[in-house]
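# Chains, contacts and geometry: an overview
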Amino acid sequence: MVNVSNCSNVYVRFCSHKLFACHKAFYKKRDFDFGIEKVGTSVQIVDFNNLPNGLLGITVKAESKVSLNNIIQLEDKSYLGEVLPLTEPEVDDQSLLAKYPDLIEVLVKLKEHPEIKTLKLDIDLDSADSVSYHLGNLIPLTADEKQTLLTAFDADQRFKILSKILESIRKT
């Protein structure tokens with residue numbers, strides 16, 4: 001049995017898809033949720049450093065949307081599960097972006113902020129996915145709101161959610 005805390009890729013991707021797939025049949029009867037969301041993000045660690053409070057700060061770059069299945073908790077309280085890539089349906093980027101010019105305007109303003117510039121984000125303003133994911137990452141959202149965006153069916157649904165959130169922020 002492989003413990004995720006001993007894996008060389010200790011981040012949201014955990015280890016490799018093959019590792020989880022080989023344990024799938026054995027643990028099928030013990031498939032519990034443990035409060036872990038079923039949709040997540042595979043990431044790449046791009047930097048890490050020691051923070052003044054003694055914690056380890058880790059900077060990651062999102063790679064892909066994934067589903068988490070067959071999650072089990074091991075005796076040492078770590079988790080093991082199957083990670084599968086999720087593919088979103090194609091959308092007409094130009095027509096979708098044309099429906100939400102205010103969201104693009106907010107993102108353009110945010111990416112010019114000095115703190116945001118230090119992140120060196122690769123934002124494609126011609127891609128509805130890129131705009132919606134980056135905007136969702138940069139505006140102040142609760143963890144539940146971010147998870148709602150991540151689990152949205154496609155960019156169109158994310159834009160509708162973001163539009164409502166920004167409207168409520170503007171009202172306060």
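Residues numbered from 1 in each chain as written. Predicted model: local features only at pLDDT ≥ 70, side-chain atom pairs only at ≥ 80, totals over all residues. Heavy atoms only, no water.

### Digging into unusual backbone geometry
Backbone phi values are negative for most residues with the exception of glycine, while trans is the configuration of most peptide bonds. In this structure, Lys-77 is a non-glycine residue whose phi angle is positive, near 75 degrees. Positive phi, normally seen in glycine, also occurs at Lys-120, with a value near 50 degrees. Here Lys-120 lies in the loop between α4 (114–117) and α5 (128–138). Its relative accessible area of 73% is what places Lys-120 among the exposed residues. (Helix = DSSP H or I, 4+ residues; strand = E, 2+ residues; numbered from the N terminus. Buried < 20%, exposed > 50% of the residue type's maximum accessible area, 1.4 Å probe, protein only.)

### Quick word on the layout of surface pockets
Taken as a whole, the largest pocket holds about 1200 Å³ of empty space. If you list the elements that add at least two residues to the lining of the largest pocket, you get β1 (39–50), β2 (56–73), α5 and α6 (143–151). Ranked by residue count, the leading element in the lining of the largest pocket is β2, at eight residues. Along the lines of polarity and charge, the residues of the lining of the largest pocket split into 16 nonpolar, 11 polar and 10 charged. (1 Å grid on protein atoms, 1.4 Å probe; cavity = no way out; pocket = protein on both sides within 12 Å on 5 of 7 lines; lining within 4 Å. Points joined across faces, edges and corners; volume = space filled by probe spheres on them. Nonpolar A, V, L, I, M, F, W, Y, C, P; charged D, E, K, R; others polar.)

### Regarding α6
Residues of α6 that are buried: Gln-147, Leu-149 and Leu-150. On an axial view of α6, the arc spanned by its buried residues comes to 155 degrees, and they lie on one face. Against β1, β2, α5 and α7 (155–171) lie the buried residues of α6. (Arc of directions from axis to C-beta. Contact = heavy atoms within 4.5 Å.)

### Here we look at the confidence of the model for the protein chain
This prediction gives the protein chain a mean pLDDT of 79; 81% of its residues lie at or above 70. In the model, residues 1–32 has pLDDT below 50 throughout and makes 60 contacts with residues more than four positions away in sequence or in other chains. (pLDDT = per-residue confidence, 0-100.)

### Thoughts on the sheet that holds strand β3 (residues 79–85)
Adjacent strands of a sheet pair through backbone hydrogen bonds, lying either parallel or antiparallel. With respect to topology, three strands assemble into an open sheet ordered β1-β2-β3, the strand pairing being antiparallel. Edge positions in the sheet fall to β1 and β3, since each has one partner strand and no second. Averaged over all pairs of adjacent strands, the angle between strand axes in this sheet comes to 60 degrees, irrespective of strand direction. Strands β1 and β2 of the sheet are contacted by α6, whose axis makes an angle of about 125 degrees with β1. (Pairing = 2+ DSSP bridges. Axes fitted to C-alpha atoms, helices over the stretch in contact; angles between N-to-C directions.)

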